[in-house]
Number of protein chains: 2
Amino acid sequence: MDGNTKDIQTINFMRGLAIDQVNNAQIGHSGMAIAAMPAMYLLFKNHICWDTENRDWINRDRFILSAGHGSAMMYTVLFMLDYLSMDDLKQFRKLDSKTPGHPENTVTQGIDYTTGPLGQGIAMSVGAAVTETYWRANYENKKSQSPINYHTYVMCGDGDLQEGVALESIALAGTWKLDKLTLLYDSNDIQLDGKTSECTNTDIKKYFESNQWHYQLVKDSENIDEINKAIENAKRSEKPSIIEIKSIIGAGSPVENTNKAHGAILNEQADATKKHYKIKKDPFSNNEILKNDFLNFFDERNSKIINVWKETSEKLLNLFPEIMEIYIKGMFPVDRETLPKNFMEEKDDQLRNISIQVLKLFLERTRGIVVLNADLGSSTKIVGTDNPYSPTNRNSNYLKAGVREFAMTAIANGIVGTRILKAVTSSFLVFSDYTKPALRLGALSKFPVVNIFSHDSVWVGTDGPTHQPIEQFAMLRSTPNLYFLRPSNLREMIEAMAFGFFQRSKPVFIGTSRQKVKITKTPQNSVGIRGAYVIHKVSEKPQAIIISTGSEVSTAVEIAKELHKEKQWEINVVSMLCMKLFDKQIEQYKRSVITPKSIKISYEIATTFGWHKYIGSDGLAIGVDDFGGSAKEENLIKKLKLDKESVKKKIISYLEGKI
Amino acid sequence: MDGNTKDIQTINFMRGLAIDQVNNAQIGHSGMAIAAMPAMYLLFKNHICWDTENRDWINRDRFILSAGHGSAMMYTVLFMLDYLSMDDLKQFRKLDSKTPGHPENTVTQGIDYTTGPLGQGIAMSVGAAVTETYWRANYENKKSQSPINYHTYVMCGDGDLQEGVALESIALAGTWKLDKLTLLYDSNDIQLDGKTSECTNTDIKKYFESNQWHYQLVKDSENIDEINKAIENAKRSEKPSIIEIKSIIGAGSPVENTNKAHGAILNEQADATKKHYKIKKDPFSNNEILKNDFLNFFDERNSKIINVWKETSEKLLNLFPEIMEIYIKGMFPVDRETLPKNFMEEKDDQLRNISIQVLKLFLERTRGIVVLNADLGSSTKIVGTDNPYSPTNRNSNYLKAGVREFAMTAIANGIVGTRILKAVTSSFLVFSDYTKPALRLGALSKFPVVNIFSHDSVWVGTDGPTHQPIEQFAMLRSTPNLYFLRPSNLREMIEAMAFGFFQRSKPVFIGTSRQKVKITKTPQNSVGIRGAYVIHKVSEKPQAIIISTGSEVSTAVEIAKELHKEKQWEINVVSMLCMKLFDKQIEQYKRSVITPKSIKISYEIATTFGWHKYIGSDGLAIGVDDFGGSAKEENLIKKLKLDKESVKKKIISYLEGKI
């Protein structure tokens, strides 16, 4: 190592703490923590700009450990910065600790992004970097310097670069020329199951260059001077930059350079490794001098930058007040009361058309939202109001993600994770499958992304079963903290989108129809939608209720009306905008909507899976549990017996046996 | 065009039929069909080896239209080969036709793979190509030439190459040096929402070369001689080969070279396009001479090859009889009766350990299965018995996919889609999210892949919520034609895996535990598992039943026994191995298992979403509907109140109000 002795001592001290965490927990990942520690040390020592006094400083550099299994390494850095205590390190992977197995943004200060599922950290870093360019350009557009001008750093391992979401994001980062994005690649040629060469033969330099990245190689991970130079170069590059740092996994341990070092290095092996680095054998031995020197150096270096920022830049935040609104309150920067309840005539229409009209209400009022679409803007209608984002048009609220649904969603997480910008995503509902891992990570991270996906049923018609969602509603509804809403009219669409924008911790997913639907208006006197409500009320104690959603609600109302006329049956219709919201209401309200003694029918053109919670095991669930087909929509719907007449027949036949 | 006049005439004739299909349906995608028709024509005329008399010929070349929206183009080729009639073309996108909006393998002869969701066709082509190398090497290993030596061709568009699953697969194809894989890339710089350059700036040549592919450029899609030469070169290459063919989307139409040509070119525009190509205005005009000449040329060229194959190679199929077994019967090449019911002592164990023991029963008996693992073989235990597959070790039943879950699953679809090899995949259950789009496409395609994923609950413990499945069971169970099974003991594991291997049209997904579980044996007299059965029977008409799965079953049985002793309550325990299988049983059987008058409790450490179908809206669903946490498993389980004592308390408190 070319660095001075104190560098080496500090790095090894930090390695020791990482080894201790894993050994103490008797589980975890030591190999990367040992191998990549010099790069982490150097990055934080000389480059990362954080305000340790104001840890949420709005313009802090963003750092993402995409290889989340390297958590012990990250926690060690956070210990060095006093974000975590020695006791926290001892609690590594223990119940309710600040040091979970993989980094979690909702648990630990200094962790902006939850990682662990590989690849997604790289995508989120692209989102963080985009956000910076977006605000910078908005300021420049107003002839101002930007108070938002942070750098985004991301560290990854071999596995990250195998995941498709990373590859999609790398392509976008190159296309978008994200100059302030630096990827440190801990390249050790080993992964969990063996040598990386057994499953990968990619020429990394050529690969990144083909994607318009700036590539540098550091041949020896211990050479922090080289790493430092490389980071300096990366910062000067006008392209996104990757620094491939060749390291030896678990270097210095008895299992170094084998996949046995990927996981936990324990007991005697841990001792031997510590001995190799001349680290005190006692676990969690502090070295206050090294630690304080590191912290003081870090603070001194950064305080200058931060003071200048406070003097010259902080006040500029007022130019786009939405930044601080989102940042402080997590709220959407529009006064909810100023939003019109009914700003346009409510007439029969495609629900996707209604959705963009409502979204525009928001887009017109603020620069605080960007819209991402995975090459289906013409179809889903959900696009921004600006010309597409590009290296020469960065203050655009419309990001064309290409046919990259997963990266789109993960990048949206990255954007929202900066806490200074909101994001909307869009594609076909069936392709929510492609986005699922990012939807989940966003839900876990409490990132309030608003996903608006159209073509939400077999009503898609001739495109056929590959394009027709069936089970996706169940997938979305069952995901913790993800709120799936399927509005049936304008009022519900406004409620849905407002719910999405006006809270800080829940991603929402809104389904909209491609087909034109008849609209049943929400009654004027409706006290609020609360997840579900009676949209058509015949009686306080109806004989039966039909619970429906989205494009089916009006048909349900028509059937209820006809059966009232023809059979004198009293049937209420409930619009179930969002199961998860409804579940959170008080029992009394729930019983007023789903009246316990009524016969219960659910009607939704999607899987019936999950509906029996509301209709009971003997309720009638009308839906479709098999794949659809390719045909003109009316013909397909008839074949599947989901047209109005067939549904009515089913309901009559069911109720005749019950009433 | 350098081709002779008849080539041009035939291509234009075919273009006309593609235009007619879309125009007649008034929906579809004309642009690619027009642009890429010369390449399709040339490929089929000179290269594709199919036996039109025996369309399922085992050694046929595999062709995959990854850009499934180009279906009208594909159907036109199939019309030229008499696989489809003119009437079929008229039925494009109509109900129950052989010409659905996107190609479906279960509907149309000549379509081996269902496509439409972009990127996956490329992955499936990798699977088809791997299968060929696998069998070829198995034969060579026995010093025989191989009767399986087909070529795999895949055609894609710009959108395909943006999807992560394609990028993952391209990396694997290069690593695996799949010499008989040729990708034709219709490169027209336009996608649905506009210019490709708005979202992509990748240097394609450099990109593919970095992935160890052979790259060629054909600058003019009309130049079929150049395309021909390029395909010849590709066949000679020892690497997988891409031929980038620059074309003009919707060439010759009034909207050529714009994204308006991506979709349907209709009415006057269709007329104008046909006029440009001097095609008869009347829709669906046949030109029998051109068609017959094409077909005759095709048959003549191929009959020579096929005759030689019949003489020299067909008999070689006997060397690995499993090939024909799978091919003809779709069945697994092991006599089910020879499988031991209990081949090892049934003792408390991790269910993942039991799963590999059972899988080995199959692997030892045949060369007809390969195992794919996404870099978690050491953890899930599901690996092949050979050294990993590589360019120099192709007769291996173990394919290391790297951290590429989605490609792994899509490649497995590609393998199974050849109908001559079975595939098993494996990763952590939470990462089934990454595989979802391929699971769905496999289910739609009726590809019987066996997926065995471990770490199937929050019992994962310290790795934390990113690694703990919650909602995945609901996602898997609600997917049409996908059978999710969660065995609780050895007997159920054998049943589950046999179900996976001994049928031809259903993918299965088996969840296994990382943690050691106590085992409750299936009673000797159990008549068969049928999705669910009473594993612990106290009474024919119990007061209550606990329905449980997998690692929870034994705990449920213990609780039932204790409550019988302590409270004299009669509680049966049902092991719900597979909801979808159980749903298919006759009512009488179902009522004998879930006895209607019993109080019902479900107990599964996963989302409760979907359980109320079996327990009713007022049943007690014990599970976990929020994210887990990072802690030692026992501590986490206690915190979530899912440990035995807490569950027992919940059950007592619930039953005391009911019994």
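Residues numbered from 1 in each chain as written. Chains lettered and ligands numbered in written order. Predicted model: local features only at pLDDT ≥ 70, side-chain atom pairs only at ≥ 80, totals over all residues. Heavy atoms only, no water.

K.L.:
It is not clear to me how the overall build of chain A should be interpreted in this structure. Could you clarify?
P.N.:
When you go through chain A residue by residue, the secondary structure sums to 23 helices and 20 strands. Here the C-alpha atoms of chain A give a radius of gyration of 27 Å, agreeing with the 26 Å that 2.2 N^0.38 yields for 659 residues. Oriented by its inertia axes, the alpha-carbon framework of chain A measures out at about 90 × 60 × 45 Å. Within chain A, the fraction of its 659 residues that count as buried is 70%. Expressed as a percentage of contacts within chain A between residues at least 6 apart in sequence, the contacts between residues at least 24 apart total 78%. A total accessible area of about 21400 Å² is found for chain A, and carbon and sulfur atoms account for 46% of it. Placing the 83 positive and 78 negative side-chain charges of chain A at their respective mean positions leaves the two points 4 Å apart. (Helix = DSSP H or I, 4+ residues; strand = E, 2+ residues; numbered from the N terminus. Rg over C-alpha atoms; globule rule 2.2 N^0.38 Å. Buried < 20%, exposed > 50% of the residue type's maximum accessible area, 1.4 Å probe, protein only. Contact = heavy atoms within 4.5 Å. Areas by Shrake-Rupley, 256 points an atom, 1.4 Å probe, with all protein chains shown as cover. Lys, Arg positive; Asp, Glu negative; His and termini not counted. Charge placed at Lys NZ, Arg CZ, Asp CG, Glu CD.)

K.L.:
Would you take a moment to explain the relation of the copies chain A and chain B for this structure?
P.N.:
Here two copies of a chain appear, and what relates them is a rotation about an axis with a shift along it. Expressed as a screw operation, the relation of chain A to chain B combines 0.0 Å of axial shift with a rotation of 180 degrees, fitting to an RMSD of 0.0 Å. Expressed as an axis order, the relation between the two copies is that of a two-fold axis. When the interface residues of chain A are mapped onto chain B, 100% of them again lie at the interface, so the same face is used by both copies. (Least-squares fit on C-alpha atoms with pLDDT ≥ 70 in both.)

K.L.:
Looking at this structure, how should I read the domain arrangement of chain A?
P.N.:
When the parts come together, some accessible area is lost, and that loss is often what is quoted as the size of the interface. Residue and element names in this part refer to chain A. Partitioning chain A into structural domains gives domain 1 (6–302), domain 2 (336–517) and domain 3 (532–656). Inter-centroid distance (C-alpha atoms) of domain 2 to domain 3 is 25 Å. Contacts between the two partners involve 34 residues from domain 2 and, on the opposite side, 34 residues from domain 3. For the pair domain 2 and domain 3, the summed buried area comes to about 2600 Å², and 62% of that belongs to carbon and sulfur atoms. Counting every contact that joins domain 2 to domain 3 gives 3 salt bridges. Of the charged contacts, one joins E604 and R477 as a salt bridge, the two residues approaching to 2.7 Å between their closest N and O atoms. Where domain 2 touches domain 3, the interface holds 18 residue pairs in polar contact (both at pLDDT 80 or more). Mapped by element, the contributors of at least two residues to the side of domain 2 that touches domain 3 are α16 (472–478), β13 (483–485) and α17 (490–501). Of the residues forming the side of domain 2 that touches domain 3, the biggest block, 4 residues, is contributed by α16. Across the side of domain 2 that touches domain 3, the residue classes tally to 17 nonpolar, 11 polar and 6 charged. (Domains from an automatic or database assignment. Buried area = accessible area lost by both parts, 1.4 Å probe. Salt bridge = Lys/Arg side-chain N within 4 Å of Asp/Glu carboxyl O. Polar contact = N/O pair within 3.5 Å; in protein donor to acceptor, adjacent residues only side chain to side chain. Nonpolar A, V, L, I, M, F, W, Y, C, P; charged D, E, K, R; others polar.)

K.L.:
Just checking my understanding: could you explain the sheet that holds strand β1 (residues 62–65) of chain A for this structure?
P.N.:
Within a sheet, neighbouring strands are paired by backbone hydrogen bonds and run either parallel or antiparallel to one another. Residue and element names in this part refer to chain A. Taken together, 5 strands build an open sheet; the order of strands is β1-β2-β3-β7-β6 and the sheet is parallel. Among the strands making up the open sheet, the edge pair consists of β1 and β6 (214–218). The mean inter-strand angle of the sheet, taken between neighbouring strand axes irrespective of direction, is 15 degrees. Here strand β2 (residues 152–156) pairs with strand β3 (residues 181–187) via 5 bridges, running parallel. Within the sheet, the bridge partner assigned to Y153 lies in β3 and is T182. (Pairing = 2+ DSSP bridges. Axes fitted to C-alpha atoms, helices over the stretch in contact; angles between N-to-C directions.)

K.L.:
Would you take a moment to explain the environment of A:A556 for this structure?
P.N.:
All names here are of chain A. Note that A556 resides in helix α18 (residues 553–567). Note: C-alpha distance between A556 and N572 (16 residues apart in sequence) is 9.3 Å. Those residues in contact with A556 that lie beyond four places of it in its chain are I546, S548, V573 and Y603.

K.L.:
Would you mind showing me how to read the packing of helix α2 (residues 31–46) of chain B against helix α10 (residues 288–312) of chain B here?
P.N.:
In a pair of packed helices, the angle between the axes and the distance between the axes together describe the arrangement. All names here are of chain B. It is at 8 Å that the axes of α2 and α10 come closest, and there the two elements cross at 45 degrees. Looking at the two axes, α2 sits oblique to α10. Residues Y41, F44, K45 and N46 of α2 form the contact with α10, whose own contacting residues are F294, F297, F298 and R301. (Parallel < 35°, antiparallel > 145°, perpendicular 65-115°, else oblique.)

K.L.:
What am I meant to see in the environment of B:V460 here?
P.N.:
Residue and element names in this part refer to chain B. Its location among the elements puts V460 in the loop between β12 (450–453) and α16 (472–478). For V460, a relative accessible area of 4% gives the class buried. Between the C-alpha atoms of V460 and G628, which are 168 residues apart in sequence, the distance is 9.5 Å.

K.L.:
How should the packing of helix α12 (residues 351–363) of chain A against α17(A) be read in this particular structure?
P.N.:
Residues and elements named next belong to chain A. Here α12 crosses α17 at 50 degrees, and the two axes come no closer than 10 Å. Between α12 and α17, the angle falls in the class oblique. Viewed along their axes, α12 and α17 form a crossing whose handedness is right-handed. Here L351, I354, S355, V358, L359 and F362 of α12 lie close against α17, whose contacting residues are L490, M493, I494, M497, A498 and F501. Tallied by class, residues from the contact of α12 with α17 come to 11 nonpolar, 1 polar and no charged. (Left-handed = near helix turned anticlockwise from the far one by under 90°.)

K.L.:
Any chance you could explain the interface of chain A and chain B here in plain terms?
P.N.:
Listed per partner, the contact involves 103 residues of chain A and 103 residues of chain B. Buried surface at the junction of chain A and chain B, summed over both partners, amounts to about 8100 Å²; 56% is from carbon and sulfur atoms. Joining chain A to chain B, the criterion identifies 14 salt bridges. Among the salt bridges present, the one from A:K639 reaches B:D96, with a minimum N-O distance of 2.8 Å.

K.L.:
How should the side chain of A:T52 be read in this particular structure?
P.N.:
Looking at where A:T52 falls in the secondary structure, it is placed in the loop between α2 (31–46) and β1. Among the polar contacts listed, one links the side chain of A:T52 to the side chain of A:D299, at a separation of 2.7 Å.

K.L.:
Sorry if this is basic, but what is going on with the confidence of the model for chain A here?
P.N.:
Parts of the prediction with low pLDDT should not have their coordinates interpreted in detail. Residues of chain A with pLDDT of at least 70 account for 98%, and the chain-wide mean is 96. Reported confidences for the modelled complex are a pTM of 0.98 and an ipTM of 0.97. (pLDDT = per-residue confidence, 0-100.)

K.L.:
I would appreciate a short explanation of the pairing of strand β17 (residues 544–548) of chain A in the present structure.
P.N.:
Both faces of the sheet carry side chains from a regular strand, because those side chains alternate between them. Residue and element names in this part refer to chain A. The element β17 is extensively covered by neighbouring structure, given that 5 of its 5 residues are classed as buried. Residues A544, I546 and S548 of β17 are buried on one face, and the alternating residues I545 and I547, pointing to the opposite face, are buried as well. Relative to strand β18 (residues 571–576), β17 runs parallel, the two being bridged by 5 bridges. The residue of β18 that forms the bridge with I545 is N572. Handedness of the β-α-β unit built from β17, α18 and β18 comes out right-handed. Sheet topology places β17 next to strand β19 (residues 599–603); 5 bridges connect them, and they run parallel. What sits directly across from I545, in β19, is K600. (Right-handed = clockwise from strand over helix to strand, strands pointing away.)

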